Amino acid sequence: MYTLTSLTKTYKTARGPVTPLKDVDLRIEDGEFIAIQGPTGGGKSTLLQMLGALDRPTTGSIHLAGDDLSTLGERRRAKARAERIGFVFQGFNLLPTMTAGENVETALVPLGIPAAERRSRARTALAQVGLDDRIDHRPSELSGGQQQRVAIARALVKNPTVILADEPTGNLDEDTRDDVLALLEGLWRDQGLTMIIVTHDSAVAKRAPRRLHLGGGGITEIGDK
Ligand SMILES: Nc1ncnc2c1ncn2[C@@H]1O[C@H](COP(=O)(O)OP(=O)(O)O)[C@@H](O)[C@H]1O
Ligand SMILES: [Mg+2]
């Protein structure tokens, strides 16, 4: 799935360069479920941006199923994101003026899918997360857990090969956290997706067969619990 070789990311800031990722080597196989832990500022979100083709490394390479995302032009990176990568964020990132169904459909717009098919695929994706009866509700009419489910449906609707989730349960209470986690786990198990979750929460991380620690520029495997 992914091969990262000597991947380094340096941000230039007013107070000098910051290098959250330094010479990172990592292989991620198809169908893995990985949790990434580490201190705030350790580079977790930066790594997800690399994996999600949202940003490019400063040096080194990152291959996604044969494509080198570090040299691919913006158009082809945008295509990779639109077709293959589903994103889930801590703050849900739903558009407040749109209904749940319209929010889910936004993921299909860059793919040029006609409106009627978008609507039916959005309905199917919302059914997968147990919210088909909320298709016409706006985010403000949904609980936090329901909003995150809509965001998960938006990630799923494109039939991605990988889901990247940055603190997906960070804004949820414990019960809702467990529901959302069970949903993600079920999707991973049933659909053969590759799932990569950044989390501060050890209860979340413990569910993943593989755990990585990121901090001080480097990445290490966390052994069996
Ligand atoms: N766009 C950016 N410009 C400058 N510095 C950044 C940018 N994004 C992240 N950083 C810096 O890189 C480091 C890692 O950030 P981040 O990847 O967000 O860590 P984490 O998600 O583990 O908390 C931090 O020191 C942060 O301030
Ligand atoms: Mg972060």
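As recorded in an unreviewed UniProt entry, the chain goes by the name ABC transporter ATP-binding protein, listed as coming from Mycetocola lacteus.

*Asks:* Help me understand the side chain of lysine 158, please; the structure alone is not making it clear to me.
*Replies:* Locating lysine 158 in the fold gives a position in the loop between helix 5 (144-156) and strand 7 (162-166). Despite its burial, lysine 158 remains without a salt bridge, the nearest opposite charge being carried by glutamate 83 at 10 Å. Here isoleucine 85 takes part through its backbone oxygen, which lies 2.6 Å from a polar atom of the side chain of lysine 158. Ignoring any residue separated from it by four or fewer positions in sequence, one finds lysine 158 in contact with Arg81, Ala82, Glu83, Ile85, Gly86, Ala107, Leu108, Leu111 and Arg121.

*Asks:* What is the right way to look at the site of ligand 1 in this model?
*Replies:* The immediate surroundings of ligand 1 are formed by Tyr11, Thr13, Val18, Pro20, Pro39, Thr40, Gly41, Gly42, Gly43, Lys44, Ser45 and Thr46. One nitrogen or oxygen atom from the main chain of glycine 42 is found 3.2 Å from an oxygen atom belonging to ligand 1. Between an oxygen atom of ligand 1 and a main-chain N or O atom of serine 45, the distance comes to 2.9 Å. Within the complex, the protein chains bury 60% of what would otherwise be the 560 Å² of accessible surface of ligand 1. Going through the elements one at a time, strand 1 (2-13), strand 2 (16-28) and helix 1 (44-51) are the ones with two or more residues in the shell around ligand 1. With three residues, helix 1 is the single largest residue contributor to the shell around ligand 1.

*Asks:* Hey, could you run me through the packing of helix 5 against helix 6 (residues 174-191) in this one?
*Replies:* Any two packed helices are characterised by the angle at which their axes cross and by the distance between the axes. It is the contact of helix 5 with helix 6, at a shortest axis distance of 10 Å, that shows an interaxial angle of 20°. Our classification of the angle between helix 5 and helix 6 gives roughly parallel. Viewed along their axes, helix 5 and helix 6 form a crossing whose handedness is right-handed. On helix 6, the residues touching Gly145, Gln148, Arg149, Ile152 and Leu156 of helix 5 are Thr176, Asp179, Val180, Leu183, Leu184, Leu187 and Gln191.

*Asks:* I tried to follow unusual backbone geometry on my own but got confused; where do I start?
*Replies:* Most peptide bonds are trans, and most residues other than glycine sit at a negative phi. Positive phi, close to 45°, is recorded for serine 6, a residue that is not glycine. You can call serine 6 partly exposed: its relative accessible area is 33%.

*Asks:* What is the right way to look at the nonpolar core in this model?
*Replies:* Across soluble globular proteins, nonpolar side chains show a tendency to be buried alongside one another. Val104, Leu126, Val129, Val150 and Ile152 are the most contacted members of the largest nonpolar core, which totals 39 residues. Beyond its immediate chain neighbours, meaning those up to four positions away, isoleucine 152 contacts Val88, Val129, Val180, Leu183, Leu184 and Leu187. Judged by nonpolar contacts, the second largest core, of 28 residues, contains Tyr2, Leu7, Val198 and Leu214.

*Asks:* Help me out: how do you make sense of the environment of alanine 53 in this one?
*Replies:* With respect to the helices, strands and loops of the structure, alanine 53 is situated in the loop between helix 1 and strand 4 (59-64). Judged by relative accessible area, alanine 53 falls into the buried class, the value being 0%. Linking alanine 53 and alanine 80, residues 27 residues apart in sequence, is a C-alpha distance of 7.4 Å. Those residues in contact with alanine 53 that lie beyond four places of it in its chain are Leu69, Arg77, Arg81 and Ile85.

*Asks:* Sorry if this is basic, but what is going on with the sheet that holds strand 4 here?
*Replies:* What holds strands together in a sheet is hydrogen bonding between their backbones, with the strands either parallel or antiparallel. Here four strands make up an open sheet; going across it, the order is 2-1-4-5 and the pairing antiparallel. The open sheet terminates on both sides in strands that have one partner only, identified here as strand 2 and strand 5 (67-68). As judged from the five bridges shared by strand 1 and strand 4, these two strands associate in the antiparallel manner. From the neighbouring strand, threonine 3 faces strand 4, where its bridge partner is histidine 63. Contacts between helix 1 and the sheet are confined to strand 1, strand 2 and strand 4, with strand 1 contributing the most and set at about 120° to the helix.

Procedures and definitions
Here the residue numbers are simple positions, counted from 1 along each chain's written sequence. Think of it this way: whatever chain is written first is A, whatever ligand is written first is 1, and the rest follow in order. This being a predicted model, a pLDDT of at least 70 is required before a residue's local features are given, and a value of 80 or more before pairs of side-chain atoms are given or counted; all residues contribute to the totals for chains, interfaces and linings. Note: side-chain values were computed over all heavy atoms of the structure, leaving out hydrogens and water. Secondary structure elements follow DSSP: runs of H or I no shorter than four residues count as helices, runs of E no shorter than two count as strands, and numbering proceeds from the N terminus. Partly exposed describes any residue whose relative accessible area lies between the buried limit of under 20% and the exposed limit of over 50%, with all areas from a 1.4 Å probe on protein chains only and scaled to the type maximum. A residue counts as positive if it is Lys or Arg and as negative if it is Asp or Glu; His and the chain ends are not included. Salt bridges are defined as contacts in which a side-chain nitrogen from Lys or Arg sits within 4 Å of a carboxyl oxygen from Asp or Glu. For the purposes of these results, a polar contact is taken to be a pair of N or O atoms within 3.5 Å, where, inside protein, one atom must be able to donate a hydrogen and its partner to accept one; residues adjacent in sequence count only when each atom of the pair is a side-chain atom. By the convention used here, residues are in contact when the closest approach between their heavy atoms is within 4.5 Å. We define proximity as follows: a residue is near a molecule or strand when any one of its heavy atoms falls within 4 Å of that partner. Here the accessible surface of atoms and residues is derived via Shrake-Rupley with a 1.4 Å probe, and residues count as covered only by protein chains that are part of the display. Lines fitted to C-alpha atoms define the axes here, with helix axes fitted over just the stretch in contact, and angles between the N-to-C directions of these axes take values from 0 to 180 degrees. Any angle that falls under 35 degrees is termed roughly parallel, while one over 145 is termed roughly antiparallel, one within 65 to 115 roughly perpendicular, and all others oblique. Two helices that cross are described as forming a left-handed crossing if the nearer one is turned anticlockwise from the farther one by less than a right angle, and a right-handed crossing if clockwise. The term nonpolar core refers to a set of buried residues drawn from Ala, Val, Leu, Ile, Met, Phe, Trp, Tyr and Cys, joined through side-chain atoms within 4.5 Å. Think of it this way: DSSP has to see at least two bridges between two strands before they count as a pair.

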